[in-house]
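# Survey of secondary and tertiary structure
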Amino acid sequence: MSKWSAVDQEYGDNDAGAVKDLVPSRASSSTLDMEDEEDSDFPSYYPQPKPRRTCLFYGATVLSFIIIYRTELCLGAALAICVGIGIKEFPSTRVGPPRKSKNAFKNAHVAHDYSDISSKYDLTLGSIDHWCLIGDDNNCQCEDPLVPMAKHSSKKWTAQHKENMKVATEAVMKFTDISNSKAWSDYEGYQPGLDDAWIEAYDDDWIYGMGARFKDDDYLQDDVPAIDLDPDQGNVEGDAGGETRNRKVENTGLDVVFIGDSITEQRQGTSHGEHVDDYVSIKEIFDKTFTRAKGGDFEGIAMGIAGDTAPNLLWRLMNGENPFGLEPKVWWVHVGINDLSIKGCSEEVVLLGILRVVEEIQNTRPDAKIVINSILPVSRNEEGLLEHIGKHHEDQALRKKELNMMDSSMSPKRLHVDLWPSIVSINEELNKFASKHKGIKFFDANEVFVEEREDAKYLKVDLMSDPVHPNLSGHKKWNNAIKKKLHEILNDGL
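Counting of residues starts from 1 at the beginning of each chain's written sequence and follows it residue by residue. The predicted nature of this model means local features are confined to residues of pLDDT at least 70 and side-chain atom pairs, given and counted, to a pLDDT of 80 or more, with totals for whole chains, interfaces and linings taken over all residues. Computation of side-chain values: all heavy atoms of the structure, hydrogens and water removed.

### Brief notes about helix 12 (residues 310-318)
To sort residues, take the accessible area from a 1.4 Å probe on protein chains only and compare it with the maximum for the residue type: under 20% means buried, over 50% means exposed, and anything in between is partly exposed. Per the convention used, a helix needs a DSSP run of H or I reaching at least four residues, while a strand needs a run of E reaching at least two, with both numbered from the N terminus. Most of helix 12 sits out of view: nine of its nine residues are buried. Along helix 12, the residues classified as buried are Ala 310, Pro 311, Asn 312, Leu 313, Leu 314, Trp 315, Arg 316, Leu 317 and Met 318. Of the residues flanking the end of helix 12, it is Gly 320, one or two places downstream, whose phi is positive at about 120°.

### Details of the packing of aromatic side chains
What counts as a ring pair is set by centres within 6.5 Å for rings of Phe, Tyr and Trp (its six-membered ring), and what kind of pair is set by the plane angle: stacked under 30 degrees, edge-to-face over 60, tilted for all other angles. Inspection of every chain in the model, using the stated rule, returns seven aromatic pairs. Ring centres of Phe 258 and Phe 286 lie 5.6 Å apart, and the angle between their planes is 75°; this geometry places the pair in the edge-to-face category. Of this pair, Phe 258 sits in strand 1 (residues 256-260) while Phe 286 sits in helix 11 (residues 277-289), placing them 28 residues apart in sequence. Of the two residues examined, Phe 258 and Phe 286, each falls in the buried class. Geometrically, the ring pair formed by Phe 449 and Trp 478 is edge-to-face, given 5.9 Å between the ring centres and 80° between the ring planes. Of the two residues, Phe 449 sits in helix 16 (residues 446-449) while Trp 478 sits in helix 17 (residues 472-491), which places them 29 residues apart along the sequence. The class of Phe 449 is buried, set by a relative accessible area of 0%. Its relative accessible area of 0% is what places Trp 478 among the buried residues. Grouping aromatic residues by their ring pairs yields a cluster made of Phe 258, Phe 286, Phe 290, Trp 332 and Phe 443. Only when the NZ of Lys or the CZ of Arg is both within 6 Å of the ring centre and within 35 degrees of the ring normal is a charge said to sit over the ring. The residue whose ring lies beneath Arg 267 is Phe 258, and the NZ or CZ to ring-centre distance is 4.8 Å.

### Examining the state of the cysteines
The term disulfide refers to a covalent linkage connecting the sulfur atoms of a pair of cysteines. Any two cysteine sulfur atoms lying within 2.5 Å of each other are counted as a disulfide. Throughout the structure, instances matching the rule amount to two disulfides. Covalent S-S linkage joins Cys 132 and Cys 140, the inter-sulfur distance amounting to 2.1 Å. Looking down the S-S bond of the Cys 132 and Cys 140 bridge, the torsion is -70°, so its handedness is left-handed. Accessibility expressed as a relative area gives 0% for Cys 132, which makes it buried. A residue is classified by how much of its surface remains accessible, and Cys 140, at 23% relative accessible area, is partly exposed. Linked covalently through their sulfurs, Cys 142 and Cys 345 form a disulfide whose S-S length is 2.1 Å. With the S-S dihedral at roughly 120°, the linkage between Cys 142 and Cys 345 falls on the right-handed side. Of this pair, Cys 142 sits in the loop between helix 6 (104-107) and helix 7 (155-175) while Cys 345 sits in the loop between helix 13 (337-341) and helix 14 (347-364), and the two are 203 residues apart along the sequence.

Read these as geometric descriptors, not functional statements.
In structure tokens:
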């Protein structure tokens, strides 16, 4: 009911007009009228002011929310922390490359420190950030670096593996003092001259009794009898890398064994076991340097297979190329470039593979000295440019336009990317590892193959036959540097 209706009822309808004149106009309404404005039929000319909201108001609101929902907030925070830790700790499954830094050397850095490992059991895959060189886990053919891998599908690889086994066995016969033990000629099937029949009589499985790990492998036959290679111990079948392989015999002169991939096989004059004309002179230089009968300072042998990765080399060592009785003073390990450039493995995975090979040698030859050769430089620049040296002597990778080497000059099997930052990172970690372990040394081949100028570092292209392999001149200078290192190790007792 309006105010005017109430007035009419009290004073009568007949005199309503006069009464209306006695009621104050809306423009001069009293305070009571304003307080009753919500019930008025007239429009409001005096809107109520909005309450002032201060920082105290907002703070009180937030505090009230926290008090009311404190349990939910605590549980949510705990969940977020757990998820964050999980993402950080577990290996990445990213599809795209996570490398955000413009500095390629920072991207190639291995975050986890492996320099303090003391056995193969310390090597694990749990800390690997990414498996592939490009930064993810899926776009590469990277093998488990801790598991030995063979190439049974390749007849050339199998043939060269057999050849290396014969080289190793011949070295055992030549350099081992057996004057007080059973003669080699007393072993069943042996014929003078180390002919193929003695080794191949057992279908390449004469090492079965010396600790071959893959007894269920299709490459080994279950019905092959083990051969007693240790006259004092009898049959050693089932001794998987144990006492027999660790026992020592007297070595009369084998100084060094070189093991590795195609760069090592060059010293044998072959590639995948096949004769290569350009490698004949490399073999001759190697023989003159590492055969005393030909004027060399040392006695050495080389066992390599082109295209091999660290897991391939590991398998070879565990299956015939490290037989009982092979006791060189120094093992010279050079592997890793194929893991990086063909398989596309990350720097961390390549590092783990090389360290696994080193630990295997230490496990079977605990008193031997081991030299880890640095991975040789690989350039994508026609002039051999590897990196720029900044104003503050920091490393600066090549720009895209400087990666101008023609694809026709590079193997189609290899990644056509700038590998130098990755090679630098791996070599730094290998050097750090060697510096902390007695009996292990690191040999930096950059002293031979890299030239540092005022503003940049260059690969000496006159020492290379292609972006990966040294030529005859390269091997000559490399052998001379190796000789110097061997003199330091053997003569000075390093």
